[in-house]
Amino acid sequence: MPELPEVETIVRGLRENTVGNRIESLTELRNNTIIYHTNQCAEGLVFSSLSRRGKYILINLSDILTMVIHLRMTGKLVYTETEQLTPHTRAVIKFADRTMLQFEDIRTFGSIQIFEANDTDPAIKRLGPEPLTEDFNEKYLYKVLEKAKAPIKSILLNQEIIAGLGNIYVCEILYRTKIHPTLAGKELTRADIIRVITATKEVLAEAILHNGTSISDFRNIDDKPGEFQNFLRVYQKKECPLGHPTERIKIAGRSTYFCPVCQRLK
DNA sequence: ATTGCTTCCTGAGCGC
DNA sequence: TGCGCTCAGGAAGCAA
C-alpha cells in the first residue's frame, strides 16, 4: 500500500499525537505480527521520537529499543481513543493515557519488529539513499545506471538503489520525464538522469504536501484518505493529461502505466 | 553479479 | 448468486 509519501504522512501524524506516550501493553492478535529481536520488553517504554527510512517507520522507545514497522501492501496504523477492533486488526498498542494505536493489515504482509536501540532490520542497512536528500543526485544515479541492463522501471523500484519509491510514483516519475519504462538503465542520457532526479523530488514533495495517495485503502492515522490520487497523470489512467490513450504492461510482474506517445523508446 | 519469477495473504471486481 | 479468474501502494527468496 504505502510508498514514501504515505509513510511520511503517517509518521508526521504519529509524531504529532504519540510522542511522549508510554506503552502500557503491546498485544499481538495474529502470530508473527510482532517480532522481538531482543529479550527486553517494550511495555513501560515511551515513544521518544519517530522517523522514517524508505518505507520503514522507526520508533525510538526510551532510547532503549527501536520499533520498526513496515506496512507492506495493506498495513494501516489507526490512532484512536476507544478500541475499534476489526477482523483485520493484527496488533494493538495501548498507551498509559488510554489512547491506542491499532495495526490493521488485511493481507498480513506487514510487521512490527522490536530491536535493541543500536540495532535495526538488516534490510534497512541495505537501503539506498533517501530521494529527498542531496545523497540522491546526478553523480550517484549515473554510476548506478552506467552499466545497468534492467529496465529503468525496475531499477527505480529497487529499494537498495533508491529508498521509498513504489509502483505508483515510479510510473508518475517516468511519465513526467518522458522516459519509456522498459528503457534499459544504461540507455538514459545525462539529461534523462537529471530529469529523473528532479521529477522524483518534485513528485514526492507534491504527494507529501497532499498527504499521500489513496487509491483504495491508504489512510492517515486518523483514518482520513490522502488527496494526491487527484493529481496522478498516468497511474490507472485511461488517458494521459494530453489526451493520449495510456498503455498497461507488466514489468517485473508489476502493472506499469505509461503513455506511448509522450514516453518513447529511443 | 544481475535479472526476473514465484510466493506470502485477503478481498474486490469482472465476465460468464 | 456464484464460480473462477485477475488484480492490488511490497519485497524476500530462489532460479537461471
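Refer to the structure printed above.
Just so it is clear, the structure is predicted and the values come from calculations on it, not from any experiment.

Caption draft 1: Molecular detail of the overall build of chain A. Regarding its fold elements, chain A presents six helices and 11 strands. Here chain A has a C-alpha radius of gyration of 20 Å; the compact-globule value for 266 residues is 18 Å, and the two agree. Relative to its 266 residues, chain A shows a buried fraction of 53%. Contacts spanning at least 24 positions in sequence make up 64% of the contacts within chain A whose residues lie at least 6 apart. Accessible surface, chain A: about 12500 Å² in total, of which carbon and sulfur atoms supply 48%.

Caption draft 2: Geometry of the protein's contact with DNA strand B. For DNA strand B, the full set of nearby residues is Arg30, His88, Ile106, Arg107, Thr108, Phe109, Ala148, Lys149, Ala150 and Pro151. His88 is positioned such that a nitrogen or oxygen atom in its side chain is 3.2 Å from a phosphate oxygen of DNA strand B. Note that a phosphate oxygen of DNA strand B is positioned 2.9 Å from one of the backbone N or O atoms of Ala150. In the surface near DNA strand B, the residues fall into five nonpolar, two polar and three charged.

Caption draft 3: Spotlight on the packing of helix H5 (residues 167-177) against helix H6 (residues 190-209). Two elements in contact, H5 and H6, have axes whose closest approach is 9 Å; the angle formed by their N-to-C orientations is 130 degrees. Relative to H6, H5 is oriented oblique. The element H5 and its partner H6 pack so that their crossing is right-handed. Side by side, H5 and H6 meet where Tyr169, Glu172, Ile173, Arg176 and Thr177 of the first sit next to Arg195, Val196, Ala199, Thr200, Glu202, Val203, Leu204, Glu206 and Ala207 of the second. For the contact of H5 with H6, the per-class residue count stands at seven nonpolar, two polar and five charged.

Caption draft 4: Here's a closer look at the pairing of strand S8 (residues 100-105). Of all six residues making up S8, six are buried, and the element is well covered by its neighbours. Because side chains alternate across S8, one face comprises the buried residues Met100, Gln102 and Glu104, and the other comprises Leu101, Phe103 and Asp105, equally buried. Of the strand pairs in this sheet, strand S7 (residues 89-95) and S8 are connected by five bridges, and their pairing is antiparallel. By the bridge assignment for S8, Ala91 is matched with Phe103.

Caption draft 5: Fine view of the packing of helix H1 (residues 4-18) against H6. Interhelical geometry of H1 versus H6 gives an angle of 40 degrees and a closest axis separation of 9 Å. Taken together, the axis directions place H1 and H6 in an arrangement best described as oblique. The handedness of the crossing between H1 and H6 comes out as right-handed. Contact with H1, carried on its side by Leu4, Pro5, Glu8, Thr9 and Arg12, involves Leu204, Ala207 and Ile208 of H6 and no other residues of that element. In terms of residue class, the contact of H1 with H6 is made up of five nonpolar, one polar and two charged.

Caption draft 6: Layout of the sheet that holds strand S6 (residues 75-80). An order of S1-S7-S8-S6 is seen for the four strands of this open sheet, with the pairing classed as antiparallel. Across the chains shown, the open sheet's two edge strands, defined by having one partner strand only, are strand S1 (23-28) and S6. Put simply, the sheet's adjacent strands are angled 15 degrees from each other on average, direction ignored. In the packing of H1 onto the sheet, contacts are made with S6, S7 and S8, and the angle to S6 comes to roughly 25 degrees.

Thresholds, definitions, all that
Residues numbered from 1 in each chain as written. Chains lettered and ligands numbered in written order. Predicted model: local features only at pLDDT ≥ 70, side-chain atom pairs only at ≥ 80, totals over all residues. Heavy atoms only, no water. Helix = DSSP H or I, 4+ residues; strand = E, 2+ residues; numbered from the N terminus. Rg over C-alpha atoms; globule rule 2.2 N^0.38 Å. Buried < 20%, exposed > 50% of the residue type's maximum accessible area, 1.4 Å probe, protein only. Contact = heavy atoms within 4.5 Å. Areas by Shrake-Rupley, 256 points an atom, 1.4 Å probe, with all protein chains shown as cover. Near = heavy atom within 4 Å. Polar contact = N/O pair within 3.5 Å; in protein donor to acceptor, adjacent residues only side chain to side chain. Nonpolar A, V, L, I, M, F, W, Y, C, P; charged D, E, K, R; others polar. Axes fitted to C-alpha atoms, helices over the stretch in contact; angles between N-to-C directions. Parallel < 35°, antiparallel > 145°, perpendicular 65-115°, else oblique. Left-handed = near helix turned anticlockwise from the far one by under 90°. Pairing = 2+ DSSP bridges.

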